[in-house]
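# Examining the three-dimensional arrangement
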Amino acid sequence: MKYLRNLAVLFLLPLLLPLQLGSALLRTRVAKAKAAHAEGDRGALSIEMALIVVVVVAIASAVVVAVMSLGQKAKNDIPTAVPSITIN
């Protein structure tokens with residue numbers, strides 16, 4: 001179990017740091033968008049929301065690609081040849 005946990009940390013740690021930085025950036029952008037909306041600046045809100053949507057779609061795409069590549073790697077690691085037993 002300890003080995004599995006260490007493997008998970010090794011593979012997930014490089015993914016978690018960019019996600020944490022991205023979520024901080026996203027929170028900042030959302031706060032700016034809310035402040036612009038409260039001030040009545042409607043044009044800035046639509047531009048900010050468009051950027052937020054682009055960032056969220058990019059993050060989601062990166063996660064999907066990472067999960068699919070890990071799945072493909074796991075699929076390729078499964079042996080397809082079944083050993084046969086011959087009786088003489």
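Below: a short report on this structure. Not measured: the values here are computed from a predicted model. (Residues numbered from 1 in each chain as written. Predicted model: local features only at pLDDT ≥ 70, side-chain atom pairs only at ≥ 80, totals over all residues. Heavy atoms only, no water.)

Here we come to the environment of K32. Looking at where K32 falls in the secondary structure, it is placed in helix α1 (residues 2-39). In sequence terms K32 and I85 are 53 residues apart; their C-alpha atoms lie 68 Å from each other. (Helix = DSSP H or I, 4+ residues; strand = E, 2+ residues; numbered from the N terminus.)

Now for the layout of surface pockets. Its volume calculated, the largest pocket comes out at about 260 Å³. Taken together, F11, L12, L15, L16, P18, L19, I59, A62, V63, A66, V67 and L70 make up the full set of residues lining the largest pocket. Mapped by element, the contributors of at least two residues to the lining of the largest pocket are α1 and α2 (42-77). (1 Å grid on protein atoms, 1.4 Å probe; cavity = no way out; pocket = protein on both sides within 12 Å on 5 of 7 lines; lining within 4 Å. Points joined across faces, edges and corners; volume = space filled by probe spheres on them.)

Below, the discussion takes up α1. Relative to the 56 Å expected for 38 residues at 1.5 Å per residue, α1 spans 52 Å between its end C-alpha atoms, a close match to the ideal helical length. The principal kink in α1, of about 40°, is found at L12, preceding the proline P14 by one to four residues. Within α1 the residues assigned to the buried category are G22, A33 and A36. One or two residues past the end of α1 sits G40, with phi positive at roughly 90°. (Expected span 1.5 Å × (residues − 1). Bend = angle between axes of the 7 residues up to and from the residue. Buried < 20%, exposed > 50% of the residue type's maximum accessible area, 1.4 Å probe, protein only.)

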